[in-house]
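# Secondary and tertiary structure notes
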Amino acid sequence: SGYQAQSDMDGFIVAWPDGIDNAWNIGPCCTESRDVKDLEFIRALVAEISQQGCVDPKRVYAAGFSMGGGLTYHLGCHAADIFAALAPAAFDLLEENIPACKPSRPIPIRSSRGTSDLIVPYNGGASRPPNGLDVTIHFLGAKGTFMKWSELNGCMGTPTLEGGCEWFKQCNGGVEVGLCTAQGGGHITGDAVTGWQFLKRFSLP
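Anyway, here's the lowdown on the structure attached to this text. Keep in mind it's a predicted model, so treat the numbers as computed, not measured. (Residues numbered from 1 in each chain as written. Predicted model: local features only at pLDDT ≥ 70, side-chain atom pairs only at ≥ 80, totals over all residues. Heavy atoms only, no water.)

## Description of the state of the cysteines
Put plainly, a disulfide is one covalent bond tying together the sulfur atoms of two cysteines. Under the definition given, this model contains 4 disulfides. A sulfur-sulfur separation of 2.1 Å characterises the disulfide bridge that pairs cysteine 77 with cysteine 101. The S-S bond linking cysteine 77 to cysteine 101 shows a torsion near -85°; that makes this disulfide left-handed. With cysteine 77 in helix H3 (residues 67-78) and cysteine 101 in the loop between strand E2 (85-89) and strand E3 (109-114), the pair connects residues that are 24 residues apart, well separated along the chain. Across the pair, exposure class does not vary: cysteine 77 and cysteine 101 are buried alike. Through a disulfide, cysteine 155 is tied to cysteine 171; the S-S separation comes to 2.0 Å. Taking the sign of the S-S torsion, 100° for the link of cysteine 155 and cysteine 171, the bridge is right-handed. On the criterion of sequence distance, the pair formed by cysteine 155 in the loop between helix H4 (142-152) and strand E6 (160-162) and cysteine 171 in the loop between strand E7 (165-168) and strand E8 (177-182) is long-range, its members being 16 residues apart. Like cysteine 155, the residue cysteine 171 is buried in the burial classification. In the protein chain, the bonded cysteines, numbered by position in the sequence, are linked as 1-2, 3-4, 5-7, 6-8. (Disulfide = S-S within 2.5 Å. Helix = DSSP H or I, 4+ residues; strand = E, 2+ residues; numbered from the N terminus. Buried < 20%, exposed > 50% of the residue type's maximum accessible area, 1.4 Å probe, protein only.)

Here it is as structure tokens:
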């Protein structure tokens, strides 16, 4: 993803958690069991690393690719109290998760997507999880996810175009919502350089 190189240059801590079944439990998917407590696991992980290292509790961030992007969105919905900003890639919100997505505060999000993604369709719709789990899920789509987060964050006005990304910058709590689209791009990780530049601008109130 490139975040290791960024951490080496800027001196921040990166954790690389592994999910059970090589997946994350984010509602209707993607672990085999719906009882896997990944939200609690991530909270515990942040707490343990904070005890072992020098961590600013107001500057903890999440970035994820593919199913990791799905977990990143899940953390935005359910752990905005400990994550200051998010940079998911190659995943979107699931329609099944929308009713329960109630962030405790406005949270900055910069999403990276490719228009030719064959695994997580850019335009959304019914799909199967990337790990082949036998269940049908429904992606909200890149634009739908972008607009939903603008709604959740109380953004106003219309999005502006800047550097290949669409942005809502008039949102509650001074947060921003961005969708960075790679035309013709596939299942892409996003750019860690610009992702980190975005993340580190924000801290918890």
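## Section: the nonpolar core
Where a protein is soluble and globular, its nonpolar side chains tend to be buried together. Core analysis: the biggest nonpolar cluster contains 40 residues, and Ile26, Cys29, Leu75, Phe83, Leu94, Ile107 and Trp149 have the highest contact counts within it. Put simply, the parts of the chain that give this core at least two residues each are helix H2 (38-52), H3, strand E5 (137-139), H4 and E8. At 5 residues, H3 tops the list of elements feeding residues into this core. Beyond its immediate sequence surroundings of up to four residues, tryptophan 149 is in contact with Tyr73, Gly76, Cys77, Leu93, Cys101, Pro103, Ile107, Ile109 and Val177. Ala87, Cys165, Trp167 and Ala192 belong to the second-largest nonpolar core, a separate cluster that totals 15 residues. (Core = buried A, V, L, I, M, F, W, Y, C linked by side-chain atoms within 4.5 Å. Contact = heavy atoms within 4.5 Å.)

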